[in-house]
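Residue-level listing of the chains:
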Amino acid sequence: MLQYLTLYSLTAVLVLTSSVLALLLSWLWLRHSTLFLKRKSLPPGGMGWPIIGQSLEFLASRPSLASQPFIERHSARYGDIFKCHLFGNPFIISTNAKINDYILRNEDVLFQSCQPTRAHTWVLGEKTLTDIHTDMHMKIRDALTDLLSSDKSKGEIFDLLQNMMSTKLGSWQDQFVHVQHEATSLGFAYVWFFDAYLELEDLQALYNESKNLLAFPLNIPGSGYRRHAECHRRLITVLRKRIDEWRTSKLETYPDFLEILWNEEQNGNLKDNSNLALDCLMGILFHGEETTAMAMTLIIKFLSESPRALDQIKEEHAAIYKRKGKAKSLTWEDYESMEFTKNVIKESLRLGNVVPWVCRVALQDVEIKGFIIPKGWKVLVFLMGPHIDGTCYHDPKSFNPWRWKAIGNDSNFIPYGAGLRCCPGEKAANMLLTIFLHLFITKYSWQVVGEDDMICFPVMTFQEGFPVVVKDVKDADECLILH
Ligand code: HEM
């Protein structure tokens, strides 16, 4: 009997092993046959280890400000378009301004936006704006653009932002402040459609925890994944409740784009996806909050390291401050007149590369520069490439806001992307950054505390949140404004 049992288990193990092997071999054959057919015309580059490809090398190459060592190393070896294997997918990486522009401007024709990894979908949901395409994308996007950059910005939103920021910055006085953490709550409040930020602190804490899901998307005991997942679940519950409140009460702040989604649902067009509004909201939070906070922090960092630029921006703001007197807030004309401030922001976005790359998938075999990008392959459009390229900018790794005086329209500079997917929050972000700078520079002086390295975990961030000691301007006789 025992013998039969042993024989039976042995056969079972054998059958199982050979099926797994057969599956693995056919998968390998399929992959390699596709590659073989296209090998001649694929861009150059290696594919690394089976399955994991070069993901570990990519993640371990410790990107820092103005540097993404993995991509720089590979483009030095293979040129400005090359292939590799990341996050379980074959990828094409482009670092070339013209190719990037071509890919981005062919959205929905040759390429389509997509999430780079499955983890992004877990965190943000199945249907963020990134995953919605063609007509529906345009409908939502138009409403969003209207919300974020309409004429309202010039009056209502502009004043609202100044009040919100002024209150928030009041709490920084004589404090040890982690600029990035504090700036995040400003970005968060703004993106949450201008609600009073104080009510948002719990929501923000949940959001911060849940976005950590991107760091280690491994559901194993002992990992932070379960805690993050729980926060994510609670965040979703709160957001869903909020959307329902908006719908039922029809508050004035009910954003048009949610109205559109709601109507689509009512018309039965979205029956299979009742989470669309929710996922979209998560996507907007993710897009808007992190980016703006990072940009604020980078500007403070670059100004702290460039006394000449700091003096000049102080002069620009001191002149406006003196002209208007203490109590008066900024007008749209003041905002438009800040030439040097605009250049400081531009240079910080060029050198800081808040969004270093975006992701697309090829909808068909596409030929670029004599190479084939096969249908279904993902493309990493490295926006940062031209920004740090010596042939596009002189001494590209130095902070030089004065360079922008001489540069007019510049197709190499696309910190907000290009084409149908370019950032609808661009105007809003620039406004937010300018108001922040005006209030911060005219109210305070600051001193950086120690060194703070940047890490990519799960997105580019300052390890310590860039700590500074903030002093009230009245006590800081070195500040130009009092002279
Ligand atoms: C300095 C700040 C910001 C930077 C550098 C930035 C950058 C970008 C970039 C590069 C894209 C293109 C993504 C792609 O092509 O796949 C994008 C898209 C987007 N951004 Fe921003 N962004 C900023 C601020 C904001 C703000 C404040 C908001 C909203 C409140 C926002 C909302 C969005 C949305 C919703 C998208 C997706 C657009 C679409 O898929 O049609 N962004 N952003």
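Residues numbered from 1 in each chain as written. Predicted model: local features only at pLDDT ≥ 70, side-chain atom pairs only at ≥ 80, totals over all residues.

As recorded in an unreviewed UniProt entry, the protein goes by Cytochrome P450 and comes from Ceratopteris richardii. UniProt, in the comment section headed Subcellular location (unreviewed entry), describes the protein in these words: "Membrane". Reading the Cofactor (unreviewed entry) entry of the UniProt record for the protein gives the comment "heme". (UniProt positions renumbered as here; feature names shortened; annotations may be inferred.)

Bringing the site of the ligand into the picture now. With respect to spatial proximity, 27 residues lie near the ligand, and among them Gly288, Thr291, Gly417, Cys423 and Gly425 are the closest. Breaking the shell around the ligand down by element, the ones donating at least two residues are helix 6 (134-149), helix 12 (276-305) and helix 17 (426-443). In terms of residue count, the dominant contributor to the shell around the ligand is helix 12 (6 residues). Among the residues forming the shell around the ligand, the class breakdown is 17 nonpolar, 8 polar and 2 charged. (Near = placed C-beta within 6 Å. Helix = DSSP H or I, 4+ residues; strand = E, 2+ residues; numbered from the N terminus. Nonpolar A, V, L, I, M, F, W, Y, C, P; charged D, E, K, R; others polar.)

What follows deals with the environment of Leu161. With respect to the helices and strands, Leu161 occurs in helix 7 (residues 156-170). Taking the C-alpha atoms as reference points, Leu161 and Ile320, 159 residues apart in sequence, are found 18 Å from one another.

What follows covers the UniProt feature "binding site: heme" (unreviewed entry) in the protein. If you check UniProt for "binding site: heme" (unreviewed entry), the listed places come out as Cys423 in our numbering. Counting through the fold element by element, Cys423 comes out in the loop between helix 16 (384-387) and helix 17.

Among all positions of helix 4 (residues 97-105), only Ala97, Ile99, Asn100, Ile103 and Leu104 are buried. Buried residues of helix 4, viewed axially, fall in a sector of 165 degrees; they line one side. (Buried ≥ 20, exposed ≤ 12 C-beta atoms within 10 Å, placed from the backbone. Arc of directions from axis to C-beta.)

In this section: the sheet that holds strand 3 (residues 111-113). With mixed pairing, the 5 strands of this open sheet are ordered in space as 1-2-8-5-3. Edge strands, defined here as strands with exactly one partner in the open sheet, are strand 1 (81-86) and strand 3. For this sheet, the mean inter-axis angle between neighbouring strands, taken without regard to orientation, is 35 degrees. Here strand 5 (residues 358-362) pairs with strand 8 (residues 378-381) via 4 bridges, running antiparallel. (Pairing = 2+ DSSP bridges. Axes fitted to C-alpha atoms, helices over the stretch in contact; angles between N-to-C directions.)

The next thing to look at is unusual backbone geometry. Backbone geometry places Asp108, a non-glycine residue, at a positive phi of 70 degrees. Tracing the backbone through its elements, the reader meets Asp108 in the loop between helix 4 and strand 3. Judged by local crowding, Asp108 falls into the partly exposed class, with 16 C-beta atoms found within 10 Å. Although it is not a glycine, Phe466 adopts a positive phi angle of roughly 55 degrees. Following the sequence through the fold, Phe466 ends up in the loop between strand 11 (460-462) and strand 12 (467-472). On the neighbour-count criterion, Phe466 (25 C-beta atoms within 10 Å) is buried.

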